[in-house]
Amino acid sequence: MVITLSRLVSATSGGNTVTKMIMKLWNDESGAAAAEYALILAIVGTGIAVAAAALGVTISTAMDNAGKCISTHGATCP
C-alpha cells in the first residue's frame, strides 16, 4: 500500500479504519520519551562505570604503596 497525499487526507477526514490506525501509530510519540530516558540512563551508567574503574585503580595503587611502606618500616615511603 502506497501512502499518498489523498490517502493521508482521507485518513484525517474519515478514511478507512486501517488508515486511521496507521496515522494514529505514526503520530504517536509516547515511546520516544522512554527511548530518550533509556539513552540518558545508558550514558550516565557508562560514565559511572568509567569513573569507578579509574577510582579503583587509584585506590589499588595507594593501598599497594601503603603496604610497601608498612612492610619496609618506612624505608620506601614517599
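What counts and how
- Residues numbered from 1 in each chain as written.
- Predicted model: local features only at pLDDT ≥ 70, side-chain atom pairs only at ≥ 80, totals over all residues.
- Heavy atoms only, no water.
- Helix = DSSP H or I, 4+ residues; strand = E, 2+ residues; numbered from the N terminus.
- Buried < 20%, exposed > 50% of the residue type's maximum accessible area, 1.4 Å probe, protein only.
- Areas by Shrake-Rupley, 256 points an atom, 1.4 Å probe, with all protein chains shown as cover.
- pLDDT = per-residue confidence, 0-100.
- Patch = residues over 30% accessible without salt bridge, like charges linked within 9 Å, V, L, I, M, F, W, Y side chains within 5 Å.
- Salt bridge = Lys/Arg side-chain N within 4 Å of Asp/Glu carboxyl O.

Asker: Would you mind showing me how to read the overall build of the protein here?
Answerer: Along its length, the protein carries three helices and zero strands. Moving toward the C terminus, one meets the helices and strands of the protein in the order α-α-α. The buried share of the protein, reckoned over its 78 residues, is 5%. Looking at the protein as shown, the accessible area adds up to about 6,500 Å², and 71% of this sits on carbon and sulfur atoms.

Asker: Would you mind going over the confidence of the model for the protein with me for this structure?
Answerer: Interpreting fine coordinate detail is not advised for predicted regions of low pLDDT. Taken as a whole, the protein shows an average pLDDT of 79; of its residues, 77% reach a score of 70 or greater. The element-level mean pLDDT for the protein is lowest in helix H1 (residues 5-12), coming to 54, with helix H3 (residues 30-71) highest at 89.

Asker: In this structure, what is going on with a nonpolar patch on the surface? I would like to understand it.
Answerer: Together, Val18, Met21, Ile22 and Leu25 give the surface a local cluster of nonpolar side chains, amounting to about 370 Å² of exposed area. Residue position: Val18 is located in helix H2 (residues 17-27).

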